[in-house]
Every structure is written in structure tokens, then in C-alpha cells.
Amino acid sequence: DIAITSWGTPSLDKDILDTAPNLKLIIHAAGSVKPIMSDQIFPRGIRVVSCANAIGIGVAETALGLTIISVKNVKELDTDIHNGEWAKNKMKTKEMYGINIGVVGAGWVGRHFIKLLKNFHVNILLYDPFVSEEQAKELGVKKVELDELMRSSEVVSLHAPSLPATNKMINRSNLKLMKDGATLINTARGSLIDEEALYEECKTGRIKACLDVTDPEPPAVDHPFRTLPNIIMTPHIAGAVTNGRFRIGLYTVQAIESFINKEPILGEVKEEQLATIA
């Protein structure tokens with residue numbers, strides 16, 4: 001009646017589904033449901049639940065952490081101290097107060113990131129073509145176009161899905177709009193960024209970047225990103241890597257309970273959503 005899938009599960013095609021005539025619910029205890037999806041699932045009346053929301057909590061928390069250390073200029077100050085300096089670049093630090101934080105994408109992760117930012121006195125700018133002005137108002141953010149967001153933000157955090165329409169959406173043109181000293185954070189997918197353009201812009205020292213993802217992964221040993229001190233890199237650890245997987249387990253159990261009790265299931269994916277989610 002219920003199948004729990006995860007990373008490495010193949011696409012649930014006709015041959016597989018024919019062996020499970022009683023299947024009513026699939027809970028994908030991983031990220032994107034797309035690797036398991038086939039055109040056979042929804043016509044059979046099978047419901048699908050994604051645990052991406054559970055993973056997204058950790059991703060949003062990572063984005064917040066990177067936002068804070070970027071605003072406080074932690075990497076450069078740490079390097080200075082290890083090189084014998086003390087307060088050389090102290091005045092480059094800022095507080096999470098009165099600054100503009102740009103959020104690209106208001107899906108599960110982006111919305112939780114926005115929720116976390118509400119604990120600070122910051123102005124939140126949002127670019128998401130699928131969010132209306134009214135929805136943006138409900139979220140407590142200002143809806144803007146991407147160029148305005150890039151131009152106005154001290155930190156830009158990417159939370160858009162990897163789709164043909166978002167491929168290299170962060171490009172040479174809009175990177176040049178970023179303020180001196182601003183930071184680009186990517187905990188989403190490497191394909192969102194024109195990496196060559198980002199390298200050229202960061203090489204000048206004008207902006208910074210925090211990258212948990214690249215395209216491809218891992219980046220080559222001689223990838224130019226590895227040579228720049230103003231690019232902080234982590235190996236795709238923003239989501240459920242270690243103890244965070246227990247959250248996925250809890251989310252899965254809660255989905256089963258909701259299904260059995262005939263209650264709405266948090267994280268249920270509808271067929272029409274597949275074109276716009278990660």
C-alpha cells in the first residue's frame with residue numbers, strides 16, 4: 001500500500017508498478033522526487049510525497065549561517081589573524097540590521113530561509129516569477145525583478161530549482177550589478193550559476209561567494225574556484241548529510257500517520273507541480 005523510496009531508487013516505471021497493484025502512496029525519503037517519477041504513477045491514482053521539505057530546513061539553516069559569516073566577514077578576518085594581523089579589516093564587518101538580503105526562489109527552502117530571516121531586522125527582497133505580489137506581502141517580503149535584487153542586496157541567496165529556465169540565471173550581466181563587498185550564496189544547484197562569469201567577477205576581489213554546490217560535482221582538482229580566498233566552498237552538505245537524516249525519518253513517519261488517518265499530507269506533490277519544483 002505504501003512504498004518508501006530514497007536516493008538510488010530507480011524510476012518507478014510500468015514494470016515495477018505492475019508488481020504493486022495495491023500501491024496507494026509513495027513517500028520519497030530524499031530530495032527531488034523526479035528521479036523516481038514516471039508517467040505511470042499519477043494515472044494509477046498513486047499519491048506522491050516528497051521529504052524535500054525536511055531536507056530544506058537544514059539547507060535554509062546553512063544559508064542563514066553563510067549569510068551571517070559573510071556579513072561579519074569571518075573568513076577574511078580569520079585569515080588576517082592567522083597571518084599575524086588582528087583588526088586589519090574589522091570595519092568591513094556589518095550587522096544583520098537594516099541591510100538587504102535577496103532571496104531567489106520561494107519554494108520549500110526559500111520560504112524557510114525567509115522565516116529564519118524574520119528573526120533579524122533586515123529587508124528581504126524576493127525574486128520568484130511564480131509568487132504574486134499578494135503572496136509576497138503575506139510572506140513579508142518585497143517582490144522585485146532579478147536585476148534589482150542583484151543590484152540592491154548585500155547578500156543574495158539562491159533557492160531556485162534546476163530547470164531549463166533557471167540554467168545560468170546568475171550570469172555575467174547580473175553579477176556585475178552586485179554591490180562591492182556583496183556575497184552570492186548557492187545552496188541550491190550549481191547549474192544556476194555561470195561559473196566562469198562568477199570566477200571572473202570574484203577574481204577581482206569585488207564580491208564574495210559561498211558555494212555548497214557546483215556544476216559538476218565535485219569540481220575538478222584544478223578548478224579555478226579553489227584558488228580564490230573570497231570563495232568559501234563546502235561539499236554539498238547544506239541538507240541532511242548526517243544526523244539530519246533522522247528528520248527525514250520523522251517526516252516519513254508523520255506522512256504515513258497522516259495517510260492512515262485520512263488527513264492532508266505535508267509535502268504531497270501534485271502532478272502539475274513537477275514542472276516547477278526541484
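This text follows the structure it describes.
Residues numbered from 1 in each chain as written. Predicted model: local features only at pLDDT ≥ 70, side-chain atom pairs only at ≥ 80, totals over all residues. Heavy atoms only, no water.

**Student:** Would you explain the overall build of the protein in this entry?
**Tutor:** Tallying secondary structure elements over the protein gives nine helices and 11 strands in all. In terms of overall size, the protein behaves like a compact globule, its C-alpha atoms giving a radius of gyration of 20 Å where 278 residues would be expected to give roughly 19 Å. For the C-alpha atoms alone, the extent of the protein along its principal axes is close to 65 × 45 × 35 Å. Taken over 278 residues, the protein has a buried fraction of 47%. For the protein, contacts bridging at least 24 residues in sequence account for 62% of all contacts bridging at least 6. Here the protein has roughly 14500 Å² of accessible surface; of this, 55% comes from carbon and sulfur atoms. (Helix = DSSP H or I, 4+ residues; strand = E, 2+ residues; numbered from the N terminus. Rg over C-alpha atoms; globule rule 2.2 N^0.38 Å. Buried < 20%, exposed > 50% of the residue type's maximum accessible area, 1.4 Å probe, protein only. Contact = heavy atoms within 4.5 Å. Areas by Shrake-Rupley, 256 points an atom, 1.4 Å probe, with all protein chains shown as cover.)

**Student:** Would you mind showing me how to read the sheet that holds strand 7 (residues 155-158) here?
**Tutor:** Sheets are built from strands that pair by backbone hydrogen bonding, the pairs being arranged parallel or antiparallel. If you walk across this open sheet you meet the seven strands as 6-5-4-7-8-9-10, and the pairing is parallel. Two strands close off the open sheet at either side, each with one partner strand: strand 6 (142-143) and strand 10 (231-233). Contacts from helix 8 (residues 195-203) reach strand 8 (183-186), strand 9 (208-211) and strand 10, with the element oriented near 135 degrees to strand 9. (Pairing = 2+ DSSP bridges. Axes fitted to C-alpha atoms, helices over the stretch in contact; angles between N-to-C directions.)

**Student:** How should the pattern of salt bridges be read in this particular structure?
**Tutor:** For side chains bearing opposite charge, pairing can occur when the charged atoms are close. Scanning the model with the defined rule gives 14 salt bridges in all. Note that E95 and K72 form a salt bridge whose closest N and O atoms lie 2.9 Å from each other. Pair noted here: E95 is in the loop between helix 3 (74-82) and strand 4 (97-104) and K72 is in the loop between helix 2 (52-71) and helix 3, with a separation of 23 residues, a long-range link. K72 sits in the partly exposed class, given a relative accessible area of 28%. Counted as one network, the salt bridges with shared partners bring together K176, D180, E201 and R206. (Salt bridge = Lys/Arg side-chain N within 4 Å of Asp/Glu carboxyl O.)

**Student:** Please clarify how the pairing of strand 8 should be interpreted in this entry.
**Tutor:** Strand residues, when the strand is regular, have side chains that alternate between the two faces of the sheet. Covered by surrounding structure in strand 8 are T183 and I185 together with L184 and N186, the residues of both alternating faces. Pairing between strand 7 and strand 8: four bridges, direction parallel. Within strand 8, the position partnered with V155 by the bridge is T183. Pairing of strand 8 with strand 9, which is carried by four bridges, proceeds in the parallel orientation. Residue pairing for strand 9: I185 is matched across the bridge by C210. Once you follow strand 8 into helix 8 and on to strand 9, the crossover reads as right-handed. (Right-handed = clockwise from strand over helix to strand, strands pointing away.)

**Student:** I would appreciate a short explanation of the side chain of E154 in the present structure.
**Tutor:** Residue position: E154 is located in the loop between helix 6 (146-152) and strand 7. E154 gets classed as buried once you look at its relative accessible area, which sits at 15%. Polar contacts involving the side chain of E154 include one to the main-chain amide nitrogen of N100, which spans 2.9 Å. Beyond its immediate chain neighbours, meaning those up to four positions away, E154 contacts K94, I99, N100, K179, A182 and T183. (Polar contact = N/O pair within 3.5 Å; in protein donor to acceptor, adjacent residues only side chain to side chain.)

**Student:** Would you mind going over the nonpolar core with me for this structure?
**Tutor:** Soluble globular proteins tend to pack their nonpolar side chains together in the buried interior. Counting 40 residues, the largest nonpolar core has F113 and L117 as the members making the most contacts within it. Elements that contribute at least two residues to this core include exactly strand 2 (25-28), helix 2, strand 4, helix 4 (108-117), strand 5 (121-127), helix 5 (133-139) and helix 9 (245-260). Element by element, the count of residues in this core is highest for helix 2, at eight residues. Once residues within four sequence positions are removed from consideration, L117 is found in contact with L64, M96, I101, V103, V122 and I124. Grouped together as the second largest cluster of nonpolar side chains are 29 residues, L146, M178, A188 and A197 included. (Core = buried A, V, L, I, M, F, W, Y, C linked by side-chain atoms within 4.5 Å.)

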